[in-house]
Each structure stands twice: as structure tokens, then as C-alpha cells.
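Residues per chain, in single letters:
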There are 2 protein chains.
Amino acid sequence: MEKKGKRELIGNEGMIVLDMVRRLNRRGASDHLAKLIAKTHPADMAWIFRHLTEDERTAVFDIIGKSESVGEFLSELDDALVIDLVKGLSSQYMADILTEMASDDAVDLLEILPQELADDIRKHMGKKDRAEVDELLQYHPESAGGLMSPDFMFLDEELTTGDAIKSVQKRSEEKEMVFYLYITHGKRKLSGVISLRELLLHPAERQLKNIMNSNVISVTTDTDQGEVAHVVSQYNILAVPVVDSSYNLVGIVTVDDIIDVIREEATEEFLQMAGAGKDREILLKSTRESAFIRAPWLFASWVGGILVMLIIGAFKYELTQVIALASFIPIVSGMGGNIATQSSTIIVRGLATGRVNMGEAYKVVFKETGIGLILGLFYGSFLGIIAYLGFSDPALLGMVVGLAIFFSMVMSATLGAVIPIIFRRFNIDAAIATGPFVTTLIDILGVSMYLWIAKIFLNL
Amino acid sequence: MEKKGKRELIGNEGMIVLDMVRRLNRRGASDHLAKLIAKTHPADMAWIFRHLTEDERTAVFDIIGKSESVGEFLSELDDALVIDLVKGLSSQYMADILTEMASDDAVDLLEILPQELADDIRKHMGKKDRAEVDELLQYHPESAGGLMSPDFMFLDEELTTGDAIKSVQKRSEEKEMVFYLYITHGKRKLSGVISLRELLLHPAERQLKNIMNSNVISVTTDTDQGEVAHVVSQYNILAVPVVDSSYNLVGIVTVDDIIDVIREEATEEFLQMAGAGKDREILLKSTRESAFIRAPWLFASWVGGILVMLIIGAFKYELTQVIALASFIPIVSGMGGNIATQSSTIIVRGLATGRVNMGEAYKVVFKETGIGLILGLFYGSFLGIIAYLGFSDPALLGMVVGLAIFFSMVMSATLGAVIPIIFRRFNIDAAIATGPFVTTLIDILGVSMYLWIAKIFLNL
């Protein structure tokens, strides 16, 4: 509980710099502002930028745009803000910035821009940089190819340790941090890996192929980014080499990109589970755009609500006879909906983290049914007793609502587990299943079940 | 959509090894089994172990326990399974395993065991290892002190580059990967950092203090783990040094631990938002334990359901007059509940990722109200028209339900945004707010509002 409070500190420190930026900008003190910006980490600057007004952004970017860290700043900034900024800049200027950036970051930036604008910027880039960027652009942005950096260190296995150290010393302009050295044979086929530190432990004349670790974990260019994240976190490695279909080494994915992938996938999962689309940048959209993104997801529950309305309408006679029946409709669907949300969240998260194994999914479903039985029995009898005490007429009303809660909770726990598993089986994102879809279905089934039980037991 | 399908592959490969383990075990082919286990990464072995029956686990652990990778295996294994295993082992045996492990992993293991058992194991450890473990045990497990490893490389700033390289070569038994070398002055005060690669670029006689980067990002032992994760991912670093209150360097937290923290915090957030507790290991609990963990969270919605029942009961007369009113109760609370879930999920996730700034929270709330207005107007008029066409008597019923949906959605979007922000302001985990709490509150307010609107407009 208290730990979330501490996190605030960063926000507070950020707020102080944000206030300073604003004040300096208002005073037109651009020299001071430039100094402050130079002292601030580009990632922090991106955070601050997000909280400026549009006018402030224009003024502040005039200064950032002249600084060395403009490339890093842009790669830390939210996509929506980057698009706004870039639209106001010349293609030549953007091409110059991209040339200075690591090519994987440059590609990420090009990929969020409108096609025409991106093409125009690419045309203004130098031949060599453009070729590197074009190479990366061919991969799906959510694959290892789309994530990887082609700027990394690799050495032929025939080299000696001494030569290898000299190469490391020479290639000082490398952009990606060097901690693993990948070792290749032939033209560029991956044969092993060695850490820079291990390299230092061996005599200078020894050949790399004799000291390298040849059991190297790699991914291919078309490996999905979630899978890459899984490999990096499962084996606690700092980078994973990416090979093409002929096992040629073409790039590396570093752990900092993996952290972004994990965060982004979690955010998408949260939004999907809430039935709020999967656009990670929804907070930066305008009110109207947000409403537009969210409206379709509410339509499912709207249609569901109409169906429930028709079902209740069909039991009009029974309700007229025992008006108290209406009072229990919300609790029956509420308890069902809540236990279903528990079940489906646990299953969806279990599928995402590998805790739930599709081969033994039936076990998980049985368990959820069991949990539904226990909790249904508990809350069902509890409500049954209260209803019996509160409504003596008809005498069986307590039993009816108790049974309804019981059956509704058993069914909801089971469906809450089954539906994400079925979705996954058909390669549909399981997270979608836990949102409005499950709760709407539970509403329809739960209310029908309840009124039907009432009809039978109360002889209506 | 298709990407989730690909992730399955790892599961399938795992399933193949799992089947092999099972078959070899059934045949009692322990030599083959030992070979298979030796070839399998401890992290993969932990995954396989999770899917074995209890008898199989006993047999398989007999073999893993004799292998070198037992420590790594145990640190990859789920807490609940570790506890089960350790209970069957002697304290001396466990102490020997812990001695072989990195001390931060050893501490993580001790921390999940029952206090008495952990104390007993510690007593069996060697003096030096025990001191190291005791040192770490004093920190909160969710702080930088609890996460950090004390096995890392640090060098005095007076050393020359040549001496530094020699030190790196000498200390070959280090457990934590060396990629950053931390540089200290005085007894052990942090003064800077240099990467091993940068070290190689300078002449052997140059002193570290002249080449190091003195602008080093650090955290203190009591920094919350979420904050440490934030620092590591914000600045794209591979490790962060941990200092005590006198700025003495006492450990480092590496990025692989940060990935675990990010995953764990996301899982906890998911479970809390679904009102299913925050025990990450809920899938490993028995049916009865799971029911016990989840029951209290359902109680909130049960009480809410009773309140809604009483509210509807209070409008018994109105319902008897216009029985059709009952049919619309579920859609009114459903639409409110769903838009509230959207709003609160977006806000909770925004707070967790730093997108929502508490200083400007009112802006986000206004925006949610705006979105509620747009969507409420849309779905309200839509339902109003349908109700008008379907129920000509009373003529105003369409207007009543339309207005109810409109007001309920505006209120729900606003509350869905406000409640997590208020929770956060009082340092309560915002994720709790989006679960049963918000939907229950919305149910109560939405239904009251609806019936009250009906009473006024229909002159009941």
C-alpha cells in the first residue's frame, strides 16, 4: 500500500523541472532553458513535454531540436506527440536527425509517421543510412526483426583473443552497448557468444572458437516480440542475437527494448480486458477520439442489455405476481459477473505468463468450477436466508434466490475460465474475452436462469 | 491476433520435454532422466516441474537435487512449490545449496520459507555466507536492498586502467555479470561508473577518476522496487548501483531482476483490478484456498447487491404500476458499470505507467466526464428510441430510460476516473478501486437514479 505512495516522488521531482521549464519559457529566457534542457535526461524531457500545452511545446521543441539529444528525445516521446511535432518540420531536418539516431530507433520513428511523410524523409537520408533503415523496415514492427538493432559487435571465430580485443578498441563508434560479443563463421553465420569479460580471461593467442560458448540462444527475424521477451526473461540474458532463415546473424535485441515490450503488452492487455480497445496511447487522444475508440466495446453490453430487457419482459406475468423478484435481479447478475471477472482475469494472466498450459486447460476449468461451487454455496445460502427472513411471502422466494445465486456463480466461474481458453484455442486474444463479452453473456444467462427457477419453484 | 498463436510454440516444445520427463520417470530410467535434466535450462525445468504430479515431482527432484543447477532451478521455481520441496529436505542440505547460490537469490528463497525453517537453514550455513545473507535479510523484500546483489565489481578511483583490467581478470569467480564497473573513493563511496568496454579504450596508465562517468544514477537501499524498475527502464540501463544512507556502495540491482518486478507488479495489478486478491501464485493454490482468497472480494458486491435489492424494494409501488421499468434495470447498471471499468482501467494503468500526473488529475477527470457525455448521449438516445417504439405505454418510458442511461454513463465515467485518483491521493493502491468497488457503487447509484427519474417523469 505505502509503496505506491513513494513512486509519487519521481512525479514530484518531474513537476519541479516542469514548473521551471514553464517559468523560463514564459519569461523568454531561452538560454537558461537550453541549459536546463541540456542537463535533463531525454527520457525525463519526454515526460515533461507530455505535460506542456501546445504553445509551450512549440517553444520548447525549438530548443530541443537544436540540441544533440533530439534523436533520443524523440524516441522516448509518445507516438502521438512525435507525429504532431514532425508534421511541422522539414524532411531534410528530420532526415538529419534520423541519421544521427540508432537505426532501430530511426525505424521505430518512421513507422509511426504517415506513409507519405516517412517516404519523403527517407528520400532525404544519405544512401548508406537509408539502406540500413530500408533493410529494417521490411520486418513486422512487432517481430524480432522490427525490434533489433543492426549496430552490434560480431567477430569471426578464427580470430584470436588479442585480435578480438583490438577490434573492440577500434570500433568505438558502435551505438549499441557491447557486453556480449557474437562470434560467426563463414560469411556471417552465428556460431557462438562470449562476454567481453570472459574474453579478458584468456591468453591473447587463443582462438575465439576454442573459448566461445557455442550453445547460444537466438531468435529469428520473424519471431514475435512477445516470444522474444519470453526468451530474454526466461533465460535472464541481456541481449539475444537475431538470425535470418539461413542462420546468418543480422541483429541483436537488447533487454531495454524488451522492457518496453513487456510494459506495452501489459498495457494492451489491461485495456482489452476492460473493453477499451488496445490503443496504448488512448490517454493522449482527444475526448471525441477516445469516445469513438470506446463506443464499439460498449455496444456489446448495450445489445446484451436489450436482450436481458426482452428476457425480463417475457417474464412479465411472473414479475407482476411476485414483484419482489425484480429486486434480486441485480444481485444475481452482479455476483455472477464478479466471479466470472475473477476467473477470466486469473486465466488470461496465467496464459500470458505461461502459468496456464493449454494442454492441461481442463484442469484449470474444473478448478474454477469447484471454486464456483464453494463460493456459490456460501453466498447462495447466505442470500437465501436473508431473503427468507425479509420476504415471508412467497415462502419459497429465499430458496429461489439462493439457488439462482448458486447456479449463476458456478456457471459464471466455469464460463469465465472456459471462454478465454476457447478464444486462445482459436488464436483470438484471450484478453478480449474477459471484458464486456463475458459479463454480458453472464448477465443474459444468469437472469434467464433466475427467472426460470422462480417460475418453476413458485408455480407461476 | 495471430501473434498469440506463435507464443504457443514454446509451450509445445515444453510439452514435448515434459512428456519425455514423464515417460523416463515412469520407466525408472533415471540415468536418461538425469541426462535430459542436465541438458534442460533450469528455467525450463521449473516450467516442466510445475506441470508434474506430486509423485513425479518427488522422483524428479531426487535427480535435480543432485545436479549443479539445483540452486538456479529453485530460484526459478514458483514459491508455493519451493516451500513444498524444502519441507522434505534436511537443513544442512538446503544450507549447502544456498551457499552455492548468488546471495540475493539465496535470500529470496529464505524469505518465502516459514520463519523457523529459514532460521534453521541459516544456522547450518558457513559463517561468511551467513553474514552476507543476514545483511541482505534486513531489507524489505520489495526494496532495492531486498533486490540487490552484493556480489559485484567495484574499483577505487585512484586505480589506473591497467590495474583495473587486471582486477577484472583476477576476480573470475564473480557471480553477477560484469558490464558496468562501479568506481568508489574513500572506503566505499560511489563516485562514478565506467563500462568494461570504455575501460579498454584508454591507455593503461590513466587513472579511473579521469575517465569515469561521474554522473551516475543510483538508488538507495530503501527505494521501492517499483521505483527501481522505473529508473532502470526510464534510463535504459542494465544495472543500477544501490547505496546506503552515507552513499556507500552496497549492491547492484540488475535488469533481469527488474523484468521480474515489472511482470509481478503487472500480475498483481491485474488480480487486484479483478477483485481477486493480489497473490501472484493463486493458480498454484488449492480450490479451497483459492475460494478463501477470493471470497472477501465478492462480499463487497454481495453487500452492494443487497443494497440495490433494498432500493428496488423501496420503489415497489412504482414497479407495480409500470412493470416494464424492471426490464431496464440491468441495462442501466450494465452500461454504467462498463464505461466505469473503461475509465478506471485507463486511469489506473496511466498512474502505473506515469502517463497520468497527479498534479493535473482534474484534466483527466474532465475528459472522462466529456467522454461520458458523448457516449451517454449516443447510447441513451439509442435506447430511448427503442424503448419508445417497444413500449408505447407509458409514452414517457422511452425518455425515462434514455435519461437514465445518459446520467448513469456520465456519472460512471466520472466516478471511474475520480475514485482511483482519490485512492492514490490517500496512498491506497489505485488498482483496488477499479474492481468490484467501482462497479458495486455504480450499481447502487445508477439504479437509484433510474428509479427516481422514473418516479418524477411518470408521475408515480
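Residues numbered from 1 in each chain as written. Chains lettered and ligands numbered in written order. Predicted model: local features only at pLDDT ≥ 70, side-chain atom pairs only at ≥ 80, totals over all residues.

### Re the overall build of chain A
Along the backbone of chain A there are 23 helices and six strands. Against the compact-globule benchmark of 23 Å for 460 residues, chain A has a radius of gyration of 30 Å, which places it well outside the compact range. With the C-alpha coordinates aligned to their principal axes, the bounding extent of chain A is approximately 90 × 65 × 45 Å. Taken across its 460 residues, chain A has 46% of its residues classed as buried. (Helix = DSSP H or I, 4+ residues; strand = E, 2+ residues; numbered from the N terminus. Rg over C-alpha atoms; globule rule 2.2 N^0.38 Å. Buried ≥ 20, exposed ≤ 12 C-beta atoms within 10 Å, placed from the backbone.)

### A word on the relation of the copies chain B and chain A
When chain B is fitted to chain A, the residual RMSD is 0.1 Å, and the transformation amounts to a turn of 180 degrees plus an axial shift of 0.0 Å. Considering both components of the superposition, the chain copies are consistent with a two-fold axis. Interface overlap between copies is the fraction of interface residues in one copy that are interface residues in the other; for chain B against chain A it reaches 100%, indicating a shared surface. (Least-squares fit on C-alpha atoms with pLDDT ≥ 70 in both. Contact = placed C-beta atoms within 7 Å.)

### Structural notes on the domain arrangement of chain A
Along its sequence, chain A is carved into domain 1 (13-138), domain 2 (154-263) and domain 3 (285-457). The C-alpha centroid of domain 3 of chain A is placed 51 Å from the C-alpha centroid of domain 2 of chain A. (Domains from an automatic or database assignment.)

### Concerning the nonpolar core
In a soluble, globular protein the nonpolar side chains are often hidden away together inside. Ranked by internal contacts, the top residues of the largest apolar core, which has 212 residues, are Val 253 of chain A together with Val 253 of chain B. Among residues more than four places away in sequence, those in contact with Val 253 of chain A are Ala 144, Leu 147, Met 148, Val 228, Ala 239, Val 240, Val 242 and Ile 258 of chain A. (Core = buried A, V, L, I, M, F, W, Y, C linked by C-beta atoms within 7 Å.)

### Description of the interface of chain B and chain A
Each partner contributes to the interface: chain B provides 111 residues, whereas chain A provides 111 residues. Split into classes, the residues belonging to the side of chain B that touches chain A amount to 54 nonpolar, 35 polar and 22 charged. (Nonpolar A, V, L, I, M, F, W, Y, C, P; charged D, E, K, R; others polar.)

### As for the sheet that holds strand E5 (residues 239-243) of chain A
Residue and element names in this part refer to chain A. The strand order E4-E5-E6 describes an open sheet built from three strands, whose pairing is mixed. Strands with a single pairing partner mark the edges of an open sheet, and in this sheet they are strand E4 (219-220) and strand E6 (249-254). Pairing of E4 with E5, which is carried by two bridges, proceeds in the parallel orientation. Bridge pairing links Thr 220 to Val 243 in E5. Against the sheet, helix H15 (residues 225-234) contacts E4, E5 and E6, and its axis sits at roughly 135 degrees relative to E5. Strands in contact with helix H16 (residues 255-273) are E5 and E6; relative to E6, the strand with the most contacts, it is inclined by about 60 degrees. (Pairing = 2+ DSSP bridges. Axes fitted to C-alpha atoms, helices over the stretch in contact; angles between N-to-C directions.)

### Some remarks on the sheet that holds strand E3 (residues 189-195) of chain B
Residues and elements named next belong to chain B. Across the sheet, which stays open at both edges, the three strands sit in the order E1-E2-E3 with mixed pairing between neighbours. Strands at the two margins of the open sheet, each flanked by one partner only, are strand E1 (154-156) and E3. Going from strand to strand, the sheet's axes swing by 35 degrees on average, the running direction of each strand aside. Sheet topology note: the strand E2 (residues 180-185)/E3 ladder contains six bridges and is antiparallel. Bridge pairing in E3 links Tyr 182 to Val 193.

### As for the environment of Leu 77 of chain B
Residues and elements named next belong to chain B. Turning to its location among the elements, Leu 77 is positioned in the loop between helix H5 (70-76) and helix H6 (79-87). Look at Leu 77 and you get buried, because 23 C-beta atoms sit within 10 Å. Sequence separation of Leu 77 and Trp 47 is 30 residues, and the distance between their C-alpha atoms is 7.6 Å. Ignoring anything within four residues of it in the chain, the contact list for Leu 77 reads Ala 46, Phe 49 and Val 82.

### Remarks on the packing of helix H21 (residues 361-390) of chain B against helix H22 (residues 397-425) of chain B
Axes are the key here: two packed helices are described by the angle between their axes and the distance separating the axes. Residue and element names in this part refer to chain B. Running from N to C, H21 and H22 cross one another at 160 degrees; their axes reach a closest spacing of 7 Å. In terms of orientation, H21 lies roughly antiparallel with respect to H22. H22 is crossed by H21, and the crossing has right-handed handedness. Residue composition of the contact of H21 with H22, grouped by class: 24 nonpolar, 11 polar and one charged. (Parallel < 35°, antiparallel > 145°, perpendicular 65-115°, else oblique. Left-handed = near helix turned anticlockwise from the far one by under 90°.)

### Some details on the confidence of the model for chain A
Residues and elements named next belong to chain A. In the predicted model, chain A carries a mean pLDDT of 87, and 96% of its residues have values of at least 70. Long-range and interchain partners of residues 1-10, a stretch whose pLDDT sits below 50, account for 20 contacts in this model, where long-range means more than four residues apart. At the level of chain-chain contacts, confidence expressed as ipTM amounts to 0.81, with global pTM at 0.83. (pLDDT = per-residue confidence, 0-100.)

### Looking at the packing of helix H20 (residues 329-353) of chain A against helix H17 (residues 287-314) of chain B
One can describe the packing of H20 of chain A onto H17 of chain B by two numbers: an axis separation of 9 Å at closest approach and a directional angle of 160 degrees. Our classification of the angle between H20 of chain A and H17 of chain B gives roughly antiparallel. For the pair H20 of chain A and H17 of chain B, the crossing hand works out as right-handed. Residues Pro 330, Ile 331, Gly 334, Met 335, Asn 338, Ile 339 and Gln 342 of chain A of H20 of chain A pack against Arg 294, Leu 298, Ser 301, Trp 302, Gly 304, Gly 305, Ile 306, Val 308 and Met 309 of chain B of H17 of chain B. Of the residues in the contact of H20 of chain A with H17 of chain B, the class split is nine nonpolar, six polar and one charged.

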